[in-house]
Amino acid sequence: MAVSSNAPVLEIKDVAKTFGPVTALKRMNLSVRPGRVHTLLGENGAGKSTLMKILVGLFQPTSGSIMLRGEPYAPKNPIEAKALGLSIVFQELSLCRNLSVAENILATHEPNRFGFINERDLNAQAAQIVQDLGLPVNVRTKVGDLSIAQRQLVEIAKGLSRPADVVILDEPTSSLSDSEAEILFTIIERLKAKGTAIIYISHRMEEIMRISDDITVIRDGSFVATTEKQNTSIEGLIALMVGREMKDIYPPRLVERPSSAVPPVLAVENLSETGKFENVSLDVRPGEVVGLFGLIGSGRSDVMKALFGFGQPAGTIRLNGVPVHLRSPADAIRHGIAFVTENRKEEGLVLQHSVERNINMVALGQLAGQFGFTRPARERAAAKTEVLRLAIKTASIDTPAGSLSGGNQQKIVIAKWLQTRPKILILDEPTRGVDVGAKFEIYRIIRELAAAGTAILMVSSELPEVLGLSDRLVIMHDKRVAKTLDAQGLSPETVMTYAAGIHQ
Amino acid sequence: MSNSTETKQALLASPLIRQYGGIVISLIILCLVFSSISPRFLAFNNFMNIMQQVAVIAVAAYGMTYVILLGDIDLSVGSIIAVAGMVAAQAFSMGFGFAPTVLITLAAGAIMGGLNGVLSAKLMLPSFIVTVATMGIYRGAVSLPTNGAPASIENETWLAIGSESWLGLPIIIWIVIALFAINHIVLSRTIFGRRAYLAGGNREAAIYSGIRVDRLKIIIFMISGVMAAISGILLSSRLSSAQTNAGMGYELDAIAAVVLGGTSLAGGVGTMVGTILGALIIGVINNGMNMLAVPYFYQLIFKGIVILFAVWLDVRSKSMRA
């Protein structure tokens, strides 16, 4: 390579992008050096996605210059960007579920002769890529049959299927468990050793501090600062990012935690479902936050689904001491259970419908008048109340939910469940893909709900979050409850040893 | 205060014009073209003609709107129209009076539609496949009682539906208007209608929100069956008989009306207002070309082109908004 290791391989100078009257990027500066991980940090809506779209050629900048290896760089589309040596791994999965892993990884450059794909070469090449990256995936498997985490790893393999000077990783770990994230970090180390520059986007501060070399903070479409990792701290970065000091990311409890004498509102005894989970017992008291922690595949998601009326588990579920049979989600909702699902786009929202329609989705029946007629005025008032209460940033309640940022979409999902005034709130990865500001607000909402007496069962793969919010922690390993612990003073290491099955 | 200004703004910015602009313009252009060629086109009597011709398709299209809104399709409505006529003819010949025969006919429609829904929801078969199959089954079943011969209907009340007027309007048009009002209110102002939008917009999210999507689907196919049966009543009344090939191909006209009206084949978006406008376009095309004595095969070609054009206009105006 002609470029010396200190010269930047990618240099972005004063890049701006406007869409008519709307300014998406005001002034962006970024200098990425080979063999280094350069993290881009900013709240959702700060301009990261716009910048990425410019880099892969989906948008053209309104002004400013971009140099790649010292030459002007202006790709017209992602394929051209890739040919010029810039690869991107999308956060939103861009895989075809009906095709195999190999077909996806080599999509658009399949080995072929006169347009006929050579199946054997295709699988061999893909297998080589997968093996080089150390991914535990069979390339002949259909992507639709993989878990979300595995799909994300395949997405990464797809992005790295061609040699690139600059690789952009957009929130690659948002759906990965810790062990899978480790695979990714190993891949990143290997790429660095080869001299590849990596632009890394993530909201997880711990991993940013671990793998970054340089960190650039952007806010409101403008460059704020670039520092080397050793010269900064998580608190310092968050302050730069939100433009204010944020003392403690986990807000303090608003009221005393309930005493162990208080009878639980939800009690689960020896719940089992063949192949999914075995002998799971847990309970949650009103006003208590119980964290359910486990690595992907530990069975925690299936347990929550069972508590929401999916499947036919053996064992007992008691609500306020009374055994219940939950046959369907409708049944669970009637019993006062709410379930904030993990994938807001698939299971949470109707993206093309308005904010109002989405907020009132579950409580429709409660808001309605006689004979099944809806009451528009009451619905609008209810939606407005939730928008104010949860500080949802939206132009109006008639805006399509799909046009809001991830954090605000997540708040809509929470709002639609709060409308039902649940006694038990189950949260599955409530802050996945949400920026720091919105995360803080979601934590605040959780605290307020607990203070109002709601029993909360929370699943998260972010250990600091689970530890920061929970009163007690139920740790699952290999489809069983490994241990239930008081969260007070609990160390992440202890939790991980149980979750990884080292402690028996 | 903020409330009244808000309503005013909502009315002004209400996407009515944007939503139906393309289709209304298409409708106006068609009317202008036909009336410039034939002055008789714009006569009040001819408008009544168009409405009467539209009636059978419009009513079937009301039912189809729910189905397409849910992201499904019902290809069996043309066959249900024929079965309904035959059921009525048989009921009359067995000595039933007008009211019981209407109920029996509607029940037959509900059963046929319900069967579509149950097969699709409970066996998890795509509604396209289920209704392709039942389209053939129901069409064949029409001929069972008479071995393929038409059956005449002589009940006077039944025949009055297609021939008499009330307050200056043909009864058939009153029925189209009344059913429009009912379906429009059900779709836009009831929990049931809202659930159809939600389940069509995102099935998974609807299930997680406690909507019983399977049950909803069965009910919606039953409604489609009942609407098709009413179409069958209107058609058999106008023809004074039950024909085995009645309503052949009407499912495609009904689908075209719904899609012309802006209902998304992907589900989750659409209105009854759009559907009646779509049905009017189809009626205007049929009537205008009949009046100009355009040969049937040219009519088919022209109708196809107009459908493509109107849907293209619609898609274009929507993507410009986005």
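Only a predicted model underlies this, so the values are computations on that prediction, with no experimental measurement involved.

Broken down by element type, chain A carries 18 helices and 22 strands. In summary, chain A has a C-alpha radius of gyration of 24 Å against a globular reference of 23 Å for 504 residues, a match within 12%. Projected onto the principal axes, the alpha-carbon positions of chain A cover approximately 75 × 50 × 50 Å. When each of the 504 residues of chain A is scored for burial, the buried share is 48%. For chain A, contacts bridging at least 24 residues in sequence account for 68% of all contacts bridging at least 6.

Take the overall build of chain B next. Helices and strands together make up the secondary structure of chain B, namely 14 helices and four strands. Computed over the C-alpha atoms, the radius of gyration of chain B is 20 Å, within 12% of the 20 Å expected from 2.2 N^0.38 for a compact globule of 322 residues. Projected onto its principal axes, the C-alpha positions of chain B cover 65 × 55 × 40 Å. Going through the 322 residues of chain B one by one, you find that 46% of them count as buried.

Right, let's talk about the sheet that holds strand β20 (residues 455–459) of chain A for a bit. The strands making up a sheet associate through hydrogen bonds between their backbones, and the pairing can be parallel or antiparallel. Residue and element names in this part refer to chain A. Pairing in this open sheet of six strands is mixed, and the strands run β18-β19-β20-β15-β21-β22 from one edge to the other. Pairing within the sheet leaves two strands with one partner each, and these edge strands are β18 (337–340) and β22 (480–486). Here the strands of the sheet are splayed against their neighbours by 20° on average, with no regard to which way each runs. One ladder, built from four bridges, connects β18 with strand β19 (residues 424–428); its direction is parallel. Residue pairing in the sheet places Ala 338 in a bridge with Leu 425 of β19. Sitting on the sheet, helix α18 (residues 492–499) is in contact with β15 (289–294), β21 (472–477) and β22, with an inclination near 35° to β21.

Residue and element names in this part refer to chain A. Here four strands make up an open sheet; going across it, the order is β14-β13-β16-β17 and the pairing antiparallel. Strands at the two margins of the open sheet, each flanked by one partner only, are β14 (277–284) and β17 (322–324). Neighbouring strand axes in the sheet, compared pairwise and without regard to direction, differ in orientation by 25° on average. This element, helix α9 (residues 300–307), spans β13 (266–273), β14 and β16 (314–319) of the sheet and lies at about 115° to β13.

What follows deals with the interface of chain A and chain B. By a widespread convention, an interface's size corresponds to the accessible area lost as its parts come together. Between chain A and chain B, the contact holds 21 residues from the first and 18 residues from the second. Contributions of two or more residues to the side of chain A that touches chain B are made by α10 (329–334), α11 (344–348) and α13 (364–367) of chain A. Considering only residue class, the side of chain A that touches chain B consists of 11 nonpolar, eight polar and two charged.

Here we take up the domain arrangement of chain A. All names here are of chain A. The assigned domain composition of chain A is domain 1 (10–242), domain 2 (264–336 + 424–434 + 452–504) and domain 3 (346–421). Taken together, the 10 residues of domain 1 in the interface contact eight residues of domain 2. Taken together, the residues of the side of domain 1 that touches domain 2 sort by class into one nonpolar, five polar and four charged.

Cut-offs used in this document
Residues numbered from 1 in each chain as written. Chains lettered and ligands numbered in written order. Predicted model: local features only at pLDDT ≥ 70, side-chain atom pairs only at ≥ 80, totals over all residues. Helix = DSSP H or I, 4+ residues; strand = E, 2+ residues; numbered from the N terminus. Rg over C-alpha atoms; globule rule 2.2 N^0.38 Å. Buried ≥ 20, exposed ≤ 12 C-beta atoms within 10 Å, placed from the backbone. Contact = placed C-beta atoms within 7 Å. Pairing = 2+ DSSP bridges. Axes fitted to C-alpha atoms, helices over the stretch in contact; angles between N-to-C directions. Nonpolar A, V, L, I, M, F, W, Y, C, P; charged D, E, K, R; others polar. Domains from an automatic or database assignment.

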